[in-house]
2 protein chains.
Amino acid sequence: MIHKYQAHIYVTLRPSVLDPAGVAVESGLKQLGYDNVEQVRIGKYIDLMISAANEETARQQLDSICDQLLANPVIENYRFDLVEVAALMGASS
Amino acid sequence: MIHKYQAHIYVTLRPSVLDPAGVAVESGLKQLGYDNVEQVRIGKYIDLMISAANEETARQQLDSICDQLLANPVIENYRFDLVEVAALMGASS
């Protein structure tokens, strides 16, 4: 049985890391008149579908994927949500 | 009374819009051996703090902010979550 999961991955800069893009957006917002906005931080949001034998395997693979490709662990944190969307009969892996 | 809200904003490409960065990530993952991943789409994730008289006002302002600066409504969708983090006594605005 193969399960298919929708993953939502959030990659954010670590709090101690400067975020020039966030500072630029905040300054742009102030110029547009939004003085009530602060602490703007910009990160990445990644959606993907992953197939795995069970949720535990999917989570382990997503951890490796984030560490290897999606996030830079030196300056970024990540977290993800998994939602099962389908269970398919097939070769077990 | 001024309420302070933490907003999490998700900006994603519309489904009909090609996502070359997502395709590149998917191809990179396959090269790393992750053949069980598909439909990779990359968006932006923005955290900010907004102060407003009430949640309705905060939501309206966030809608304008997203339309004007954070998202390109021609090719992108956005959605956001609001969480109240503090209520401060002060000049009403």
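Model, not experiment: these values are computed from the prediction.

The rules behind each value
Residues numbered from 1 in each chain as written. Chains lettered and ligands numbered in written order. Predicted model: local features only at pLDDT ≥ 70, side-chain atom pairs only at ≥ 80, totals over all residues. Heavy atoms only, no water. Contact = heavy atoms within 4.5 Å. Buried area = accessible area lost by both parts, 1.4 Å probe. Salt bridge = Lys/Arg side-chain N within 4 Å of Asp/Glu carboxyl O. Helix = DSSP H or I, 4+ residues; strand = E, 2+ residues; numbered from the N terminus. Nonpolar A, V, L, I, M, F, W, Y, C, P; charged D, E, K, R; others polar. Pairing = 2+ DSSP bridges. Least-squares fit on C-alpha atoms with pLDDT ≥ 70 in both. Axes fitted to C-alpha atoms, helices over the stretch in contact; angles between N-to-C directions. Buried < 20%, exposed > 50% of the residue type's maximum accessible area, 1.4 Å probe, protein only.

Draft legend 1. Main features of the interface of chain B and chain A. With 31 residues of chain B at the contact, the number on the chain A side is 31 residues. Summed over both sides, the interface between chain B and chain A buries roughly 2800 Å², with carbon and sulfur atoms accounting for 60% of that surface. Taken as a group, Tyr34, Asn36 and Tyr45 of chain B account for 22% of the area that chain B buries against chain A, more than any other trio of residues on that side. Between the two partners, chain B and chain A, sit two salt bridges. Residue assignment for the side of chain B that touches chain A shows that the elements contributing at least two residues are β1 (2–13), α1 (20–31), β2 (37–52) and α2 (55–70) of chain B. Among the elements that make up the side of chain B that touches chain A, the one with the highest residue count is β2 of chain B (15 residues). Classifying every residue of the side of chain B that touches chain A by side-chain character gives 16 nonpolar, nine polar and six charged. Relative to β2 of chain B, strand β2 (residues 37–52) of chain A runs antiparallel, the two being bridged by eleven bridges. Directly across from Asp47 of chain A, in β2 of chain B, lies its bridge partner Arg41 of chain B.

Draft legend 2. Region of the structure containing the relation of the copies chain B and chain A. Of the transformation superimposing chain B on chain A, the axial component is 0.0 Å and the angular component is 180°, with the fit at an RMSD of 0.0 Å. Here the transformation between the copies is reduced to the relation of a two-fold axis. Same-surface contact between copies: 100% of interface residues of chain B are shared with the interface of chain A.

Draft legend 3. Highlighting the sheet that holds β2 of chain B. Here we have six strands laid out as an open sheet, ordered β3(A)-β1(A)-β2(A)-β2(B)-β1(B)-β3(B), and antiparallel in their pairing. With partners counted over all chains shown, the strands left at the sheet margins are β3 (76–88) of chain A together with β3 (76–88) of chain B, one partner each. When strand polarity is set aside, the average angle formed by the axes of neighbouring strands in this sheet is 20°. Together, β2 of chain A together with β1, β2 and β3 of chain B form the strand contacts of α2 of chain B, whose direction differs from that of β3 of chain B by roughly 140°.

Draft legend 4. Structural detail: the pairing of strand β1 (residues 2–13) of chain A. Residues and elements named next belong to chain A. Counting buried positions along β1 gives ten out of twelve residues, so the element sits mostly inside the fold. By the bridge criterion, twelve bridges tie β1 to β3 in an arrangement that is antiparallel. Its bridge partner lying in β3, Thr12 is registered against Asn77.

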